[in-house]
Amino acid sequence: MTAAKYPKIGFGIVVIAALIIVPMNFNRYGLFILSQWAVMTIAAMGLNLTLGYAGQVSLAQGAFVGIGAYAAAIMTSNGLPLIAALGVAIVLCFVIGWILGYPALRVQHHYLAFVTLAFSTLAFLVFRNEDWLTKGIYGISNIPRPEIFGYPTRRPLPFYYVCLGSLGIVSLAVWWLIRSPWGRAFIALRENPVRALSLGIDTRRYTLMAFAIGSALGGIAGTLYAPLTQYVDPVPFHLSLSLDLLMMVIVGGSGFFFGPFLGAMIAVLLPEWLRFTQGYYLMLYAIAVIGLLIYSPTGILGILDRFISERRTKAASALRAVAKAKLETAP
Amino acid sequence: MSNLLDLLIAGLATGAIYAIVAVGFTLLWQTSQTINFAQGEFVMLPAFLMLAVMHAGAPFWVAIVIGIALSLLLLGLGFKLLLVDPMLRHGVLPLAIATMALAIGIKEAAKQFWSAEASPFPSIIPGGDITIFGRIVALQSIGVLVLAILAVLGLTTLLNRTSIGHQMQAAAQNPTVARIVGVPVERMILLTFLINAFLVALASLLITPIYLAKFSNGEVLGQAAFIAAIVGGFNQVRGAIAGGLLIGVVDNLSAAYVSTQYRAAVPLVLLIAIILFRPQGMMGRPEERTV
């Protein structure tokens, strides 16, 4: 198995190097799209923790991106540093996510979907109506981009590196988390909550944690979103963002570490490539998602996973057949 | 006081439409564990089908007949065969997510093939006001209420008084035993999908003259129907009816007495409260947890 690890690590290094080097001569718009991909991937990773690993449906991830974005917009336009806004957004989303997790202790599946859906709509109403805080439908404009170690990131390329760097840090943290006992507890919760409980896992705490951590990642994505677009109004944080993020997780492969990366890439980049289909794009996307779900409910990575495990089984049974033939011919 | 009564009547009228949609929603859940997140879009679509037929030059009543037939075909049979049947084996959640994708697809299709603008839609109920006990009431409200009540009465009679209704209930409550005693379970499930398609077409016919035909109508309607179904009780037809009426009234009252900005929040808060304190709904039975 260790020999198979090197090509994977090599591939990872090539991808990371490409993400750093290739965009250097991208234009403004290309960099914006790539930065958006990084931001949406962070949000989708959060949802993947809640949905893919812990098995708790949430239709509120878009609302947490919104909370993070407003925290960043309000604080940085009042002269506070972005890092302070990040701290506030993480704490705020963690706490609200924790509270939103409480219904999950009582109800499952669709009920949970509706509670989180209701929360999402309520958050949208607050963004839109609390003029004193969010400037309502006019939105907050001229959001400054941060200085990192005294280095300004006003231009698109440095800010892209901020987004990419944040994605890197979040990915490492999530990678560590899902390999820790916590990650295993999340999976146990998804696979069979009653068994998890009987094995002594505090399902109550882990359910709340799954919500809180997933929501906090949504908040991180939001704090990057605000300086990226430099303008925040309620429209992008409508329920449809939560649905989009859910689709990203599902299309990429929920419960797979790289699922959100792939899902966000498809959701953010595909509309650019499919410009020629004009308004039909979303319709085609919806049909493709349904087709994919029918074929493989665990998304694109699910297909890949199935393919690999089938090949392994075939290889194993071939080996067994050879071994059996040898045994039979042996005297 | 008089104002309150007007609000109540208008609320009951919209509530009756929510109730029809919510009943279809609960029927699908009971017979085939389908949480149809596209239910609102299902209500939006038939009006567009009817408009398209009228656009081709057919009179209104022909458009209604063809519209209902098409929605039985697309939203009943097509929905079951093409989406629910292949998805059901994957479980409740993937199926629910597939219907979310379907909702996006239907919405975008209506926007692309028809228009992003709202179109006027003729009403089957004549306009004007009538006087009941010295009060002036819009004929529209009364007509909607009467038609919705007739639909619900028809449905409950079908479910509770006829052999087919009993077979449908048996198929919903315990498909295995129903199959043993000779109920054609598959046909009964298909029938509930067709009934749902009919109910959403009827709701479309009743609500579109009020809201205008717009591709985004489904969002509001779908949410109202979900809330009605959950508040009333997911596994009871009468729960869905009560929930629908309640949400309609609450919606109208909160528009008048709570700030217009937070009008939409009131039913949502009600929903969260119900889910937290009485998840089975006002009239529902608790569902057993299975391992």
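Up top is the structure.
For the structure given in this document, a descriptive report is provided here. Keep in mind that this is a model prediction, so the values were computed, not measured.

## Structural notes on helix α10 (residues 203–229) of chain A
Inference 1: Between its terminal C-alpha atoms α10 of chain A stretches 39 Å, which fits the 39 Å expected from 27 residues at 1.5 Å a residue.
Inference 2: Two residues or fewer after α10 of chain A comes Q230 of chain A, characterised by a positive phi angle close to 60°.

## A few points about a nonpolar patch on the surface
Residue and element names in this part refer to chain B.
Inference 1: On the surface, L73, L74, L77, L81 and L82 cluster together to form a nonpolar patch covering roughly 470 Å² of accessible area.
Inference 2: Within the secondary structure layout, L82 lies in helix α3 (residues 60–88).
Inference 3: With relative accessibility at 63%, the residue L82 sits in the exposed group.

## As for the interface of chain A and chain B
Inference 1: With 39 residues of chain A at the interface, the matching set in chain B holds 43 residues.
Inference 2: Our count for the contact surface shared by chain A and chain B stands at four residue pairs in polar contact (both at pLDDT 80 or more).
Inference 3: For the side of chain A that touches chain B, the secondary-structure elements that each account for two or more residues are α4 (82–106), α5 (109–129), α11 (239–252) and α13 (281–295) of chain A.
Inference 4: Its residues placed into classes, the side of chain A that touches chain B shows 30 nonpolar, six polar and three charged.

## Concerning the nonpolar core
Inference 1: If you look at the biggest cluster of nonpolar residues, it comprises 194 residues, and the most contacted ones within it are W37, F114, F186, F237 and L245 of chain A together with F37 and F234 of chain B.
Inference 2: It is helix α2 (residues 28–53) of chain A that provides the largest number of residues to this core, a total of 15 residues.
Inference 3: In this structure F186 of chain A touches L49, Y53, A54, L177, Y206, M209, A210 and I213 of chain A, once residues within four positions along its chain are discounted.

## What to know about the packing of aromatic side chains
Inference 1: Applying the stated rule across the entire model yields 24 aromatic pairs over all chains.
Inference 2: A centroid spacing of 6.0 Å and a plane angle of 75° characterise the contact between F60 of chain B and F121 of chain B, whose relative ring orientation is edge-to-face. Placement of F60 of chain B in helix α3 and of F121 of chain B in the loop between α4 (92–113) and β1 (129–132) is noted, with a sequence separation of 61 residues between them.
Inference 3: Take F121 of chain B: its relative accessible area is 7%, and that puts it in the buried class.
Inference 4: Put simply, the rings of Y70, F127, Y225 and F237 of chain A pair up and form one aromatic cluster.

How each quantity is defined
Residues numbered from 1 in each chain as written. Chains lettered and ligands numbered in written order. Predicted model: local features only at pLDDT ≥ 70, side-chain atom pairs only at ≥ 80, totals over all residues. Heavy atoms only, no water. Helix = DSSP H or I, 4+ residues; strand = E, 2+ residues; numbered from the N terminus. Expected span 1.5 Å × (residues − 1). Patch = residues over 30% accessible without salt bridge, like charges linked within 9 Å, V, L, I, M, F, W, Y side chains within 5 Å. Areas by Shrake-Rupley, 256 points an atom, 1.4 Å probe, with all protein chains shown as cover. Salt bridge = Lys/Arg side-chain N within 4 Å of Asp/Glu carboxyl O. Buried < 20%, exposed > 50% of the residue type's maximum accessible area, 1.4 Å probe, protein only. Contact = heavy atoms within 4.5 Å. Polar contact = N/O pair within 3.5 Å; in protein donor to acceptor, adjacent residues only side chain to side chain. Nonpolar A, V, L, I, M, F, W, Y, C, P; charged D, E, K, R; others polar. Core = buried A, V, L, I, M, F, W, Y, C linked by side-chain atoms within 4.5 Å. Phe/Tyr/Trp six-rings, centres within 6.5 Å; stacked < 30°, edge-to-face > 60°.

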